[in-house]
Every structure is written in structure tokens, then in C-alpha cells.
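# Residue-level structural notes
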Amino acid sequence: MNIQQFGIIGDIHCEASFLEKAITFLQDQDVETILCTGDIADGVGDGTGDFDKCVALLRQNNVQAVLGNHDNWLLSDSMRSLPKATALEEVESSSLEYLRTLPKTLDFQSPLGEVLLCHGLGENDMAKFTPDDYGYAIEANFDLQKIVSEKKYSLIISGHSHQRMVRKLSDCLFINSGSLLKAYSPCFLHADFRKKIITFYLFNETGEIAHAEQVAFSI
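Remember, it's a predicted structure, so these values are computed and weren't measured experimentally.

Strand order in the open sheet formed by six strands is 3-2-1-9-10-11, and the pairing between neighbours is mixed. Either end of the sheet is taken by a strand with one partner, and the two such strands are strand 3 (64-65) and strand 11 (209-216). In terms of strand pairing, strand 9 (residues 187-192) meets strand 10 (residues 197-203) through six bridges, oriented antiparallel. Note on strand 10: the bridge partner recorded for aspartate 192 is isoleucine 197. Sheet strands touched by helix 1 (residues 16-28): strand 1 (5-9), strand 2 (33-36), strand 9, strand 10 and strand 11. Its angle to strand 1, the strand with the most contacts, is close to 175°.

With that settled, consider helix 4 (residues 93-101). Along helix 4, the residues classified as buried are Ser95, Leu96, Tyr98 and Leu99. All buried residues of helix 4 fall inside an arc of 155° around its axis, so they share one side. Residues of helix 4 that are exposed and point more than 90 degrees away from the buried face comprise Ser93, Arg100 and Thr101. Next to the buried residues of helix 4 lie helix 2 (51-60), strand 3 and helix 3 (69-75).

What follows concerns the packing of aromatic side chains. As enumerated under the stated definition, the model contains eight aromatic pairs in all. Taken together, a centroid distance of 6.3 Å and an interplanar angle of 80° make the contact between phenylalanine 193 and phenylalanine 217 edge-to-face. Here phenylalanine 217 lies in the segment after strand 11 and phenylalanine 193 lies in the loop between strand 9 and strand 10, a separation of 24 residues in the sequence. The exposure class of phenylalanine 193 is buried, given its relative accessible area of 3%. The exposure class of phenylalanine 217 is buried, given its relative accessible area of 9%. The structure contains a cluster of three or more aromatic residues connected by ring pairs, namely Phe18, Phe25, Phe188, Tyr201 and Phe203. A cation over an aromatic ring shows up here: arginine 167 above the ring of tyrosine 134, its NZ or CZ 4.2 Å from the ring centre.

This part covers the sheet that holds strand 4 (residues 105-110). Spatially, five strands are ordered 4-5-6-8-7 in an open sheet, and the strand pairing comes out mixed. A single partner strand is all that each edge strand has here, and the edge strands are strand 4 and strand 7 (164-169). Taken over all neighbouring pairs, the strand axes of this sheet differ in orientation by 15° on average, direction set aside. Sheet topology note: the strand 5 (residues 113-118)/strand 6 (residues 155-158) ladder contains three bridges and is parallel.

Within the fold, aspartate 192 resides in strand 9. Relative accessible area serves as the criterion here: at 7%, aspartate 192 is assigned to the buried category. Apart from the residues within four sequence positions on either side, aspartate 192 is in contact with Gln4, Gln5, Ile197 and Phe217.

For the structure on display, the rule yields nine salt bridges. Between glutamate 208 and lysine 21 there is a salt bridge, and its shortest N-O distance comes to 3.3 Å. Separated by 187 residues along the polypeptide, glutamate 208 in the loop between strand 10 and strand 11 and lysine 21 in helix 1 bring together distant segments of the chain. Arginine 164 is the partner of glutamate 213 in a salt bridge, and the nearest nitrogen-oxygen pair spans 3.3 Å. One end of the pair, glutamate 213, is in strand 11; the other, arginine 164, is in strand 7, and 49 residues separate them in sequence. For arginine 164, a relative accessible area of 28% puts it in the partly exposed group.

Each value, and the rule that gives it
- Residues numbered from 1 in each chain as written.
- Predicted model: local features only at pLDDT ≥ 70, side-chain atom pairs only at ≥ 80, totals over all residues.
- Heavy atoms only, no water.
- Pairing = 2+ DSSP bridges.
- Helix = DSSP H or I, 4+ residues; strand = E, 2+ residues; numbered from the N terminus.
- Contact = heavy atoms within 4.5 Å.
- Axes fitted to C-alpha atoms, helices over the stretch in contact; angles between N-to-C directions.
- Buried < 20%, exposed > 50% of the residue type's maximum accessible area, 1.4 Å probe, protein only.
- Arc of directions from axis to C-beta.
- Phe/Tyr/Trp six-rings, centres within 6.5 Å; stacked < 30°, edge-to-face > 60°.
- Lys NZ or Arg CZ within 6 Å of the ring centre and 35° of its normal.
- Salt bridge = Lys/Arg side-chain N within 4 Å of Asp/Glu carboxyl O.

Encoded structure:
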């Protein structure tokens, strides 16, 4: 797949309402595909979250998603003592089957080079690279160094940190669209490779898409 315009949705954490609005908005922008960094499970313990609906929305709209660490934990019925954990016995079997089909990583072709979609960094769904990492934090991040040194990817799209980011390291552009979680400035993004512009769309306190931030990038 060679994509020039795409949407990215970060860690979902059962935020079905935000997910539906993000998908609808991105489809109206005529993106070629929508990508998701995983972590569909675990979150929104106030009764408004809906894991099964999130899975249904991803499937119905052909969103290309990868498996997050919380999804792995749900499949193995581990870490269920976490706050707002999705209960395995309350999940539809078809949703679990969907999770089992998700890969850890996906590769795409773009006009700017090869793209890696992952949850953390590569196969490690617990690794991360954040806007605040500098110096030793970068040097000692072996998963990050491995991706950069391989020089295979021009763009790496990841999640896990819940921090939106567009940051270049060596010859790699790292993109993180943040999270849909209400506690983490919920947002998603639209990337245009032709114009080399990434636009973050943020939800306001009433759950509406109300603010946009544009970032120009070079590669």
C-alpha cells in the first residue's frame, strides 16, 4: 500500500464515542486509509466505555490496527486488577477473535519511504519514545536505537506514551497521535505526505472536535 494521505488514531482505551467521531471526521477528509496504534482495551471506567463497540467500529471501517500491550493483557487474562481494566468475561467472543488477528507491526509504503506502524517501538509494545527524551534517555533506548540504525524506515508511527509528537531523529520521522483518553488531551491526526503537513485535531471538554494544530515536517 502506497499512501499519501492517512489518518492516525492513537491508543483508544474503550473511548467508543471519540473513536466514532474521529473515524467519521477522517473519512470526510478523504484519507486513503486510517491507522491505529492499538490499546483498544482497558479504560473509561465510568460506564461510558465500550470495548466491543470500538472493535466493531474498527472492523466496519477497515481501520488498520496493531496490537497494544493492554490488548495482549486482555487476551492472556492478565493485569486485570488494573484500574478500569476490561473484564474478559464481559467481552464478546468475536471481539477477542479480532484481537487475535492483529499483528504487532505493519509496514506501508509512502512517497517519502517505508512506514512502520507499531504500538511501542517495533515488536516491543512496552517501549516508547517521547517528546521529553534527550541525551542518555535516547542513547540507552535500545529499541529506538535498533530502529534508527537499521535505516529501513523513513517514518515510524507509534503510540503507548499518550503524548502527541512529530519528531525527527537521525533519518527517521517519529509520529505519535496521542490517545483518545479524556485524561490525556484526547486527539487524533491527519497526515498529508504531499504537502508534508500533519494536523492534530483535539476534542474539547464536551467531546466535540474543536481545535486543530498543524505541524510541517521535512524528511
